[in-house]
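Chain by chain, the residues run as shown.
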Amino acid sequence: MFELEESLKPWVKGLKPYVPGEMVEGKLKLASNENGYGASPKVVERVREAASRIHVYPYKDAVVQRKIAQYTGVDAKNIVLGNGSDELITLLITAFRGPVLGQHPSFAEYRLVSQILGQEYVEAPLDAGFSFNVEAYLEKKKEANLFFLCNPNNPTGTKIKRKDLIRVLNEGKPTVVDEAYAEFMNQDSVELLASYDNLIVLRTFAKSFGLAGLRLGYSISSPEIADALKKVKPPFNVNVLAQEAALAALDDIEYMRQSVSEIKKQRQTLFMEIAKKYRPTESWANFILFDVSPKKAGDVYQRLFEEGVIVRCFGEFKGFRGQYLRVTVGTRKQNQKFIEALKKT
Ligand SMILES: Cc1ncc(COP(=O)(O)O)c(C=O)c1O
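Residues numbered from 1 in each chain as written. Predicted model: local features only at pLDDT ≥ 70, side-chain atom pairs only at ≥ 80, totals over all residues. Heavy atoms only, no water.

Novice: Go over the site of the ligand, please, and point to the residues and values.
Specialist: Around the ligand, 13 residues are found, and the nearest of them are Ser85, Asp178, Tyr181, Thr204 and Arg215. Taking Asn154, its side chain carries an N or O atom lying 2.7 Å from an oxygen atom of the ligand. Interatomic distance of 2.6 Å between a side-chain N/O atom of Asp178 and a nitrogen atom of the ligand. Relative to its unbound accessible surface of 390 Å², the ligand loses 93% to contact with the protein. The element best represented in the shell around the ligand is helix 4 (residues 84-95), accounting for 3 residues. Along the lines of polarity and charge, the residues of the shell around the ligand split into 5 nonpolar, 4 polar and 4 charged. (Near = heavy atom within 4 Å. Polar contact = N/O pair within 3.5 Å; in protein donor to acceptor, adjacent residues only side chain to side chain. Areas by Shrake-Rupley, 256 points an atom, 1.4 Å probe, with all protein chains shown as cover. Helix = DSSP H or I, 4+ residues; strand = E, 2+ residues; numbered from the N terminus. Nonpolar A, V, L, I, M, F, W, Y, C, P; charged D, E, K, R; others polar.)

Structural data, given as structure tokens:
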């Protein structure tokens, strides 16, 4: 008789599948940090054209790598493409020895992927205001072989000071700096690659470029680390349409810059509006975390849902005070709808 549990790896039974932000027809979803302005119309056009070539395997990896290298100011051999930056997180934890060290609260995937791959995951708390606590992080350094930092950090939106980042890099462990939201912040770590061959920067087309649905991310690292990642990468992991979309998006960087600039302005307005009622955390990304205590986050979430707006509900962060929700900064119109809904909570 076939016994499923006996055949599975022992830790798989206890895993919980990732639950994506809720999507309900007719409601405004501001839960997954997508770009409400969408992709450039030129990208959409290029994807349409590329539909005639979906019967062939993807063949433009090298062209996309070169184009990304130009955009980020590095060499093509520093770039590895992933099916979303999510996949690169998996490739990194596959290739490098654990345990893995992250921050708390931070992006849930680092823990989830570590668990899936049977790697121990340890975390260091942020300080009470959600700033990076370099002392607390380095206290855990002996327990880990692979460091993850998220800058700006999801879900808090807070950023890491350059000098703190350098202190972590000086430890000489492989250090991933997840910059999924880099374009919304006025700082990135790419130039540190010249001095730190243990640095791996992660980026995505899902947020600023508005291509979440096509799944395309990339890592920037030393050529040696890039080669190691390619050894554990599935073939053809980035599809034909995503490759074409990336090329078109990078041909129209101005469109992305304009939507990012508008979102940054809107972030300011949204912050002030939320602050009239609750306690928002200053954000360097395209979302804002806010504390609704003494109300329960679940109750405020529900009320917003009834008003037609879906945000992300975190509730309590273990070890922290407060009740938290996160809202994506959308278009001007979307944010207005959210603000009206928030007034009714
Ligand atoms: C910090 C962070 N890293 C990575 C990702 C994954 O992005 P992608 O869509 O490129 O897989 C996200 C998505 O929300 C994120 O917030």
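Novice: Residues and numbers for the pairing of strand 6 (residues 175-178), please.
Specialist: Within a regular beta strand, the side chains point alternately toward one face of the sheet and then the other, so they alternate between its two faces. Burial along strand 6 is two-sided: the face carrying Thr175 and Val177 and the face carrying Val176 and Asp178 are both buried. For strand 5 (residues 146-150) and strand 6, the ladder comprises 4 bridges, and the chain directions are parallel. Its bridge partner being in strand 6, Phe148 is matched across the sheet by Val176. Running through helix 7 (residues 162-169), the crossover from strand 5 to the neighbouring parallel element strand 6 is right-handed. Sheet topology places strand 6 next to strand 7 (residues 199-204); 4 bridges connect them, and they run parallel. Following the sheet pairing, Asp178 is matched in strand 7 by Leu202. (Buried < 20%, exposed > 50% of the residue type's maximum accessible area, 1.4 Å probe, protein only. Pairing = 2+ DSSP bridges. Right-handed = clockwise from strand over helix to strand, strands pointing away.)

Novice: Got a sec to walk through the nonpolar core? Specific residues and values, please.
Specialist: Grouped together as the largest cluster of nonpolar side chains are 83 residues, with contacts concentrated most on Phe205, Ile274, Phe290, Leu325, Val327 and Phe338. With 7 residues, helix 9 (residues 240-251) is the single largest residue contributor to this core. Per-domain counts for this core show at least three residues from each of domain 1 (4-38 + 254-343) and domain 2 (41-252). Ile93, Phe96, Phe107 and Leu146 belong to the second largest nonpolar core, which has 21 residues in total. (Core = buried A, V, L, I, M, F, W, Y, C linked by side-chain atoms within 4.5 Å. Domains from an automatic or database assignment.)

Novice: Quick rundown of the domain arrangement of the chain? Include the residues and the values.
Specialist: Parsing the chain into structural domains produces domain 1 (4-38 + 254-343) and domain 2 (41-252). Using only C-alpha atoms to locate each centre, domain 1 and domain 2 end up separated by 22 Å. Each side of the interface is counted separately: domain 1 has 32 residues, and domain 2 has 35 residues. Carbon and sulfur atoms supply 66% of the area that domain 1 and domain 2 bury against each other, a total of about 2700 Å² over both sides. A per-residue breakdown of the area domain 1 buries against domain 2 is headed by Met256, Trp284 and Phe320, which together make up 27% of the total. (Contact = heavy atoms within 4.5 Å. Buried area = accessible area lost by both parts, 1.4 Å probe.)

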